Amino acid sequence: MNTLDLVTHGPVIPVIVIDRLEDAVPLAEALVAGGVRVLEVTLRTPVALEAIRAMCAVPGAIVGAGTIRSAADARAAKAAGAVFGVSPGYTAEVGAACREVGLPLLPGVATASEVMAAQADGLNFLKFFPATAAGGIPMLKALAGPFPDVVFCPTGGITPATAPDFLGLPNVKVCGGSWLTPADAVKAGDWARITQLAKEAGALRR
Ligand SMILES: O=C(O)C(=O)C[C@H](O)[C@H](O)COP(=O)(O)O
């Protein structure tokens, strides 16, 4: 798989935090039912790898691991069944580990130097993180000049209200965000609400 294939499934990649393993499968099913198949599960919680393993069995789900910060994270994500990895920033170590284990990487960048480092390692589809705090739409427009060959997935601080403006940029093909899986909805097991949020995200135009 090429990470750019991920953009063909819809305009939003949900960023998911799983605290309770038993939420993993119903949450993935709720998102897929709403038409959102590409799922980024952050490695922020102790059950994240087990959650990835469980979610991979959900028909239609395309499960990746977020918060890849080290070679060990890349190896663990691959072993858990993740089909892509997302990192908040980029290091050559993480890039090399992902290549070694065969985990397509969507690496995070926030500056021109980081774009250059990622491109030097052959990566041209990049997460712009933290999108809003790091300059938002003006920054993405500015980066389009020197980097016409880079496609971005802005993530961080994006809302349903601001997503359409990001998605309207020529160098943005998809955006990421946690709003599809509000913590209170997950805690309450309100899967219908998550399916509805997924449907609304899928309808955002780009
Ligand atoms: O753990 C990670 O590496 C991440 O994935 C960071 C997330 O991309 C942002 O936290 C997105 O979160 P929101 O700003 O709530 O949409």
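Residues numbered from 1 in each chain as written. Predicted model: local features only at pLDDT ≥ 70, side-chain atom pairs only at ≥ 80, totals over all residues. Heavy atoms only, no water.

The chain goes by 2-dehydro-3-deoxy-phosphogluconate aldolase in an unreviewed UniProt entry, where it is assigned to Ideonella margarita. Of the chain, the UniProt comment under Subunit (unreviewed entry) reads exactly: "Homotrimer." (UniProt positions renumbered as here; feature names shortened; annotations may be inferred.)

**With respect to the pairing of strand β1 (residues 12–16)**
Among the 5 residues in β1, 5 count as buried, and that is most of the element. As defined by bridge partners, β1 adjoins strand β8 (residues 175–177) across 3 bridges and the pair is classed as parallel. Considered in β8, the bridge of V12 is made with C175. Both β1 and strand β2 (residues 38–42) contribute to a ladder of 2 bridges, which runs parallel. Looking across to β2, one finds that V15 is bridged to E40. Taken together, β1, helix α1 (residues 24–33) and β2 constitute a β-α-β crossover, and its handedness is right-handed. (Buried < 20%, exposed > 50% of the residue type's maximum accessible area, 1.4 Å probe, protein only. Helix = DSSP H or I, 4+ residues; strand = E, 2+ residues; numbered from the N terminus. Pairing = 2+ DSSP bridges. Right-handed = clockwise from strand over helix to strand, strands pointing away.)

**Considerations on the side chain of T195**
Relative to the helices and strands, T195 is located in helix α9 (residues 191–202). In terms of polar contacts, T195 uses its side chain to reach the backbone carbonyl oxygen of A30, at 2.8 Å. (Polar contact = N/O pair within 3.5 Å; in protein donor to acceptor, adjacent residues only side chain to side chain.)

**Observations concerning the pairing of strand β3 (residues 62–66)**
A large share of β3 lies buried, amounting to 5 of its 5 residues. By the bridge criterion, 5 bridges tie β2 to β3 in an arrangement that is parallel. If you follow E40 over to β3, its bridge partner there is G64. For the segment spanning β2, helix α2 (residues 48–55) and β3, crossover handedness is right-handed.

**Here's the deal with helix α6 (residues 136–144)**
Of the residues making up α6, those classed as buried are G136, L140 and L143. The arc enclosing the buried residues of α6, seen along the axis, measures out at 65°, which places them on a common side. In α6, the exposed residues that point more than 90 degrees away from the buried face are P138 and K141. Those residues of α6 hidden inside the fold are in contact with α5 (112–120), β6 (125–128), β7 (151–154) and α7 (163–167). (Arc of directions from axis to C-beta. Contact = heavy atoms within 4.5 Å.)

**Some thoughts on the site of the ligand**
Taken together, 13 residues lie around the ligand, and R44, T67, K127, G157 and S178 are the ones closest in. One nitrogen or oxygen atom from the side chain of K127 is found 2.9 Å from an oxygen atom belonging to the ligand. Between the ligand and S178, the relevant distance is 2.4 Å, taken from an oxygen atom to a side-chain nitrogen or oxygen of the residue. In isolation the ligand exposes 410 Å². Once the protein is present, 82% of that is buried. Grouping the constituent residues of the shell around the ligand by class yields 3 nonpolar, 7 polar and 3 charged. (Near = heavy atom within 4 Å. Areas by Shrake-Rupley, 256 points an atom, 1.4 Å probe, with all protein chains shown as cover. Nonpolar A, V, L, I, M, F, W, Y, C, P; charged D, E, K, R; others polar.)

**Let's talk about the packing of helix α3 (residues 71–80) against helix α4 (residues 92–101)**
Viewed as axis vectors pointing N to C, α3 and α4 meet at an angle of 30°, and their least axial separation amounts to 8 Å. Between α3 and α4, the angle is such that the two are roughly parallel. As for the relative orientation of α3 and α4, their crossing is right-handed in sense. Counting all contacts with α3, which are made through A71, A74, R75 and K78, the residues of α4 involved are E93, V94, A97, C98 and V101. Here the residues of the contact of α3 with α4 sort into 6 nonpolar, no polar and 3 charged. (Axes fitted to C-alpha atoms, helices over the stretch in contact; angles between N-to-C directions. Parallel < 35°, antiparallel > 145°, perpendicular 65-115°, else oblique. Left-handed = near helix turned anticlockwise from the far one by under 90°.)

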